[in-house]
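# Working through the structure, step by step
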Amino acid sequence: MIIVSHSAKIAEGIQDLMKEMAPSVPIHLAGGLEDGSIGTDVTRILEALDQVEGEALLLSDIGSATMNAELAIDMYEGSKEVAFFDGPIVESAFIASVSSGNDMSLTDIVDQLKQQ
């Protein structure tokens, strides 16, 4: 899973919370800009995507984070299955982490998120 947020602190907080809920699920971050300021960057999202092993689910907070997550998926040239879900980021991360920790497929996780 990749958390795309305008704030590195928000992304890190979600990662910390999910480590408590599903410690075996890797959470990658694309929060804030490289200099630590608020914002999102497609390059950082693609870099996080390169770190993911297997399937990847992108979750974003608001506005341009959503736009950049979708753009990163469009730009991605690798072979990993990648999905994006636009919903409440903390709740979605919780559902996705616990489901992934229970070996649910990416498609099934996205379907489950759509039902929330």
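Note that the coordinates shown come from a computational prediction; the quantities given were computed from them, not determined experimentally.

One non-glycine residue, D103, lies in the positive phi region at around 65°. Summarising the element assignment, D103 is placed in the loop between helix 4 (89–101) and helix 5 (106–114).

Attention now goes to the pairing of strand 1 (residues 2–5). A two-sided burial pattern is seen for strand 1, the buried positions comprising I2 and V4 on one face and I3 and S5 on the other. As judged from the four bridges shared by strand 1 and strand 2 (residues 28–31), these two strands associate in the parallel manner. The residue of strand 2 that forms the bridge with S5 is G31. After leaving strand 1, the chain enters helix 1 (residues 8–21) and then returns to the sheet as strand 2, a path that is right-handed.

Within the sequence span of helix 5, burial applies to L106, I109, V110 and L113. Viewed end-on, helix 5 has its buried residues packed into an arc of 95°, placing them on one side of the element. Contacts made by the buried residues of helix 5 are with strand 3 (56–60), strand 4 (82–85) and helix 4.

On to the environment of V82. With respect to the helices, strands and loops of the structure, V82 is situated in strand 4. Residues V82 and D50 lie 32 residues apart in sequence; the distance between their C-alpha atoms is 11 Å. Contacts of V82, omitting those with residues within four sequence positions, involve L49, A56, L58, I73, Y76 and L106.

Membership of the largest hydrophobic core comes to 20 residues, with the highest contact counts inside it found for M1, I3, L57, L59 and A93. Contributing elements (two or more residues each) for this core: helix 1, strand 3, strand 4, helix 4 and helix 5.

Attention shifts here to the environment of L33. For L33, the position within the fold is in the loop between strand 2 and helix 2 (42–51). Look at L33 and you get partly exposed, because its relative accessible area is 27%. Among residues more than four places away in sequence, those in contact with L33 are I38, G39, T40, D41 and R44.

Rules used in this analysis
Residues numbered from 1 in each chain as written. Predicted model: local features only at pLDDT ≥ 70, side-chain atom pairs only at ≥ 80, totals over all residues. Heavy atoms only, no water. Helix = DSSP H or I, 4+ residues; strand = E, 2+ residues; numbered from the N terminus. Buried < 20%, exposed > 50% of the residue type's maximum accessible area, 1.4 Å probe, protein only. Pairing = 2+ DSSP bridges. Right-handed = clockwise from strand over helix to strand, strands pointing away. Arc of directions from axis to C-beta. Contact = heavy atoms within 4.5 Å. Core = buried A, V, L, I, M, F, W, Y, C linked by side-chain atoms within 4.5 Å.

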